[in-house]
Amino acid sequence: MAKRGLDTIGKIASGLLDLFHYSDEPLEVIDPSKYLTNPNIRSQERELSYPSLLSQYGEKPEVVINEYPPQSYFGDADYKPEGGLGEFIHHTQDPTEGFYDINADIDRFFPIALEEVKDLAAKYKKELNPVEINRLATNRAMKYAKDFKYLGLSNRIYRPNVYTRFQKVIPMDVSKRDGSVGDLLEYLKKAGE
Amino acid sequence: MTEYEMDVDDIGLGFMSGYEKYDVEVIKEYKTDTMQKLYRVKVKDYTDGTNNI
């Protein structure tokens, strides 16, 4: 318990978050663009990245909006891994302030995105239902966080121990959940090629 | 004000619940077949300027 306290003080003092990414095999690079190509990702998750046609059906040129920024997911030191996550753990560190807290939304990305999406729909005379409007606004708000050079997103209220990253991440080290190094030597050999 | 229900993930819920012109109530939480957590929410949407919160 005392060690946990010291660990916490250490984290606050350094301003760095320890972040962990889980996968079925060791990865040299954690690549956000790979997230939605995972065959295990289906249904609602994939809908995040669906493009929406703004122009009328059959009209040329087509105007398509597709702004979802691919992201990879990380848990912090307090994250309890869900079932189904891989046994390889990739560790990295990032400054806490690099993540955009979507609950606070201090730059007001969501309200701005919402107005812009509604304006676009009106411009192209496209009737979007509230679900589509909010999905597109959320995607655009995430894109703004990326454009404004945030590392990724944090969600303090609804997913407090999970962070996303927009850019590729090269892990500092890789281990197995059971504490063994497993294929780590092979991983390091590959990474050095 | 308009009112509607929708399914949303934690990121959508995070953004929407922080917006002062939305009153978002979580009706239930559930997991998809790939164990992603989603939320069924009721949204009171005041963006039309009527009955502002």
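Residues numbered from 1 in each chain as written. Chains lettered and ligands numbered in written order. Predicted model: local features only at pLDDT ≥ 70, side-chain atom pairs only at ≥ 80, totals over all residues.

Student: Help me get a handle on the overall build of chain A, residues and values and all.
Tutor: Scanning chain A from N- to C-terminus turns up 5 helices and 9 strands. Sequence-ordered secondary structure for chain A, helices as α and strands as β, is α-β-α-β-β-β-β-β-α-α-β-β-β-α. Counting all 193 residues of chain A, 26% fall into the buried class. Excluding contacts between residues fewer than 6 apart, the proportion of contacts in chain A whose partners are at least 24 apart in sequence is 78%. (Helix = DSSP H or I, 4+ residues; strand = E, 2+ residues; numbered from the N terminus. Buried ≥ 20, exposed ≤ 12 C-beta atoms within 10 Å, placed from the backbone. Contact = placed C-beta atoms within 7 Å.)

Student: Which residues make up the packing of helix α3 (residues 109-123) of chain A against helix α4 (residues 130-147) of chain A, and what are the values?
Tutor: Residues and elements named next belong to chain A. Where α3 contacts α4, the two axes come as close as 8 Å, and the packing angle between them is 125°. The orientation of α3 relative to α4 falls into the category oblique. As α3 runs across α4, the sense of the crossing is right-handed. Every residue of α4 that contacts α3 at Phe109, Phe110, Ala113, Leu114, Glu116, Val117 and Lys118 is listed here: Ile133, Leu136, Ala137, Arg140, Ala141, Tyr144 and Ala145. (Axes fitted to C-alpha atoms, helices over the stretch in contact; angles between N-to-C directions. Parallel < 35°, antiparallel > 145°, perpendicular 65-115°, else oblique. Left-handed = near helix turned anticlockwise from the far one by under 90°.)

Student: Break down the environment of Tyr144 of chain A for me, citing the residues and quoting the values.
Tutor: Residues and elements named next belong to chain A. Within the fold, Tyr144 resides in helix α4. Assessed through the 20 C-beta atoms surrounding it within 10 Å, Tyr144 is described here as buried. Apart from residues no more than four positions distant in its own chain, Tyr144 is found in contact with Phe109 and Ala113.

Student: Could you give an account of the sheet that holds strand β3 (residues 37-45) of chain B, with specific residues and numbers?
Tutor: Residue and element names in this part refer to chain B. One open sheet accounts for 3 strands, arranged β1-β3-β2; its pairing is antiparallel. Looking at which strands have only one partner, the edges of the open sheet turn out to be β1 (2-9) and β2 (22-31). Ignoring which end each strand starts from, the neighbouring axes of this sheet average 20° apart. Note that β2 and β3 share 9 bridges and pair antiparallel. Looking at β3, one finds that Tyr30 is bridged to Leu38. (Pairing = 2+ DSSP bridges.)

Student: How would you summarise unusual backbone geometry if you had to cite specific residues and measurements?
Tutor: Residue and element names in this part refer to chain A. Notably, Arg108 is not glycine yet its phi reads approximately 55°, a positive angle. Relative to the assigned elements, Arg108 resides in the loop between β6 (99-101) and α3. Phi is positive for Lys125, close to 50°, though the residue is something other than glycine. Here Lys125 shows up in the loop between α3 and α4.

Student: Can you tell me about the nonpolar core, naming the residues and giving the values?
Tutor: The biggest cluster of nonpolar side chains holds 34 residues, and the ones touching the most others in it are Phe110, Ala113, Ala141 and Ala145 of chain A. Contributions of two or more residues to this core are made by β1 (16-23), β6, α3 and α4 of chain A together with β1, α1 (10-17) and β3 of chain B. The leading source of residues in this core is α4 of chain A, at 6 residues. If near-sequence neighbours (up to four positions away) are discounted, Ala141 of chain A is found in contact with Phe109, Phe110 and Ala113 of chain A together with Phe15 of chain B. (Core = buried A, V, L, I, M, F, W, Y, C linked by C-beta atoms within 7 Å.)

Student: Give a detailed account of the environment of Ile30 of chain A, specifying residues and quantitative values.
Tutor: Residues and elements named next belong to chain A. With respect to the element layout, Ile30 can be found in the loop between β1 and α2 (43-47). Each C-alpha atom of the pair Ile30 and His90 lies 8.6 Å from the other, and the pair is 60 residues apart in sequence. Not counting residues within four places of it along the chain, the set of residues in contact with Ile30 comprises His21, Ser72, His90, Lys168, Val169 and Pro171.

Student: Give a detailed account of the packing of α4 of chain A against α1 of chain B, specifying residues and quantitative values.
Tutor: Interaxial distance between α4 of chain A and α1 of chain B falls to 10 Å at its minimum, and their mutual angle equals 90°. As the angle between them shows, α4 of chain A and α1 of chain B are arranged roughly perpendicular. In this structure, α4 of chain A uses Asn134, Arg135, Thr138, Ala141 and Met142 of chain A to contact α1 of chain B, whose residues at the interface are Ile11, Gly12, Phe15 and Met16 of chain B. Counted by class, the contact of α4 of chain A with α1 of chain B contains 5 nonpolar, 3 polar and 1 charged residues. (Nonpolar A, V, L, I, M, F, W, Y, C, P; charged D, E, K, R; others polar.)

Student: Describe the confidence of the model for chain A, naming the residues involved and giving the relevant values.
Tutor: Per-residue pLDDT for chain A averages 83, and the proportion of residues at 70 or more is 77%. Confidence, expressed as mean pLDDT per element, reaches its minimum in chain A at helix α1 (residues 2-14) of chain A with 51 and its maximum at β6 of chain A with 97. (pLDDT = per-residue confidence, 0-100.)

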